[in-house]
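Coordinate analysis (summary)
The primary structure of each chain is shown beneath.
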Amino acid sequence: MFGKRPSGNDTAPRERAKPVVPPPPPAMKQAGKGAEAPPPPVVVDSRSDQYYEIKTTIFNALIDTIDLAQLAQLDAASAREEIRDIVNEIISIKNVVMSIAEQEQLLQDICNDVLGYGPLEPLLARDDIADIMVNGAERVFIEVAGKVQLTNIRFRDNAQLMNICQRIVSQIGRRVDESSPICDARLPDGSRVNVIAPPLSIDGPTLTIRKFKKDKLKMSDLQRFGSISPEGATVLGIIGNVRCNVLISGGTGSGKTTLLNCMTGFIDLDERVVTCEDAAELQLQQPHVVRLETRPPNLEGTGEITMRDLVKNCLRMRPERIIVGEVRGPEAFDLLQAMNTGHDGSMGTLHANSPREALQRIESMITMGGYSLPSKTIREMVVGSIDVIVQAARLRDGSRRITHITEVIGLEGDVIITQDLFVYEITGEDETGRVKGRHMSTGISRPAFWERARYYNREAELLDALEAAAAT
Ligand SMILES: Nc1ncnc2c1ncn2[C@@H]1O[C@H](COP(=O)(O)OP(=O)(O)OP(=O)(O)O)[C@@H](O)[C@H]1O
Ligand SMILES: [Mg+2]
């Protein structure tokens, strides 16, 4: 019943979208602030320089003594035991004066350096950090509560940093060095890692980690943070449940994956869902989920499995819904086709700064994928498949907001017509620099997916939410 829908002029109502709030471009970052002195690094690591001197001496002595190849054969607990014995011995030989607590700390740090992720360990242990960004040995940034801060964490030198990068990527059977200086990987806890090494990164190895949140944010959390209004959250829930095809659009780190994960929470438990991702980040709660992951080429440059391969394969797996972590290439075509041919309720994210730009991006991904289709045909396909675009944004104060819930309703001539249901309007800034604003309904009480909501018996709830939003 809700397979391919007409893309012509008979889809009512039609209104040209007028984005009430254009998403804030980076240029909105307050002009003139660049001249101020940078804030001091946040103290994540309170150990003194003297401590580090002692640690380096002991570490070097340990490396001279220990057979690293043999150590690698041991399990983590035995390796720690071995290191503990040798370090204690070195401390007594070198006559280093330290309290028991300091010795424990030193041992912990040295074990982290030899067996773990060195100076990154304290950052990895924290669940409040969203991203860790290492720009060479000297500069480590973190993102906490939407704000990027420089920390006082340092690596001994670029060689130590490179070693740790190597250790991370070797766990998934990859290598990073001068000859293959770009590498994506994953930590055992699921965190997404990217390494780019010299000579491509000029000032030393650059490591970026998107920390995996054990407790993924839910729609109720987004509502609590003010990322979405209660009515908006209800409407998103209905959109997710009644099998609208959804694109989630947003800039880097704007919360697209988080939102996609929330939206999948409304999928009925009996639906068969197939997810395709570059690095598995989604955590679907349904019992009938198949998770697929792309594979980069191996060292010989073969064996790559692209997102397009996965999406095409999905179609042979009898999915009811297909969820694509990030659409960034020719798989856009396959996803749209899937959306159009009985897999309603499919979803994906993409990088774009507004719903309109998301539509343009989809079109250009298809064109660049080598399909020589006239642009009108591509637009007809887009209109026939995508129902809703949800726009996420990270505002200048670091907060994340859902700025648009927009429907794709038809084609007028060559132009795709969209209709905003909700928009976020920025009203100003408070004295602490936090952006003030509110989610506003655009007053539409009969969205284009109304019939679909009715089919799933959710129309009364939809109407209530839209009317409540219009009344505020
Ligand atoms: N509404 C929100 N409020 C507060 N924090 C959020 C919100 N949405 C996402 N986050 C946090 O922001 C970080 C980035 O989120 P997410 O991974 O969803 O972004 P993304 O847009 O998918 O990023 P990328 O472009 O790198 O894939 C995560 O740590 C996540 O927990
Ligand atoms: Mg993402």
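As a starting point, this report considers the structure included with it.

Definitions and limits used
- Every residue gets a number counted from 1 within its own chain, in the order that chain's sequence is written.
- Note on labels: chains are lettered from A, ligands numbered from 1, in written order.
- With the structure being a predicted model, the display of local features is reserved for residues of pLDDT at least 70 and the display and counting of side-chain atom pairs for 80 or more, all residues being used for whole-chain, interface and lining totals.
- DSSP calls a pair of strands paired once it identifies at least 2 bridges connecting them.
- Counting from the N terminus, the helices are the DSSP runs of H or I reaching at least four residues and the strands are the DSSP runs of E reaching at least two.
- Angles shown run from 0 to 180 degrees and are taken between the N-to-C directions of axes, each axis being a line fitted to C-alpha atoms and, for helices, limited to the stretch in contact.
- By the convention adopted here, residues are in contact when the distance between their C-beta atoms, placed from the backbone, does not exceed 7 Å.
- Three exposure classes are used, based on other C-beta atoms lying within 10 Å of a residue's own C-beta, which is placed from the backbone: buried for 20 or more, exposed for 12 or fewer, and partly exposed in between.

Taken together, the 9 strands give an open sheet; going across it, the order is β9-β8-β10-β11-β7-β12-β13-β14-β15, and neighbouring strands pair in mixed fashion. With one partner strand each, in any of the chains shown, β9 (289-293) and β15 (435-441) form the two edges of the open sheet. Each adjacent strand pair in this sheet contributes to an overall mean axis angle of 25°, direction not counted. In this sheet, β15 lies alongside strand β14 (residues 415-429) in antiparallel orientation, the contact comprising 7 bridges. Within β15, the residue paired with Glu-429 across the bridge is Val-435. Where helix α8 (residues 230-241) meets the sheet, its contacts fall on β7 (246-250), β12 (388-394), β13 (400-412), β14 and β15, and the angle it forms with β13 comes to roughly 50°.

As a further point, take the sheet that holds strand β2 (residues 140-144). Strand pairing in a sheet relies on backbone hydrogen bonds, with the paired strands running either antiparallel or parallel. Spatial ordering of the open sheet is given by β3-β2-β1-β6-β5-β4, a layout of 6 strands whose pairing is antiparallel. Looking along the sheet, the strands with just one partner apiece sit at the ends: β3 (147-150) and β4 (182-186). Strand-to-strand twist of the sheet, defined as the mean angle between neighbouring strand axes without regard to direction, takes the value 15°. Sheet analysis places strand β5 (residues 192-196) next to strand β6 (residues 206-210), joined by 5 bridges and oriented antiparallel. Within the sheet, the bridge partner assigned to Asn-194 lies in β6 and is Thr-208.

Note on placement: Leu-236 falls in helix α8. Residue Leu-236 is classed as buried on the basis of its 27 C-beta neighbours within 10 Å. Through-space distance from the C-alpha of Leu-236 to that of Gln-108 is 46 Å; in sequence the pair is 128 residues apart.

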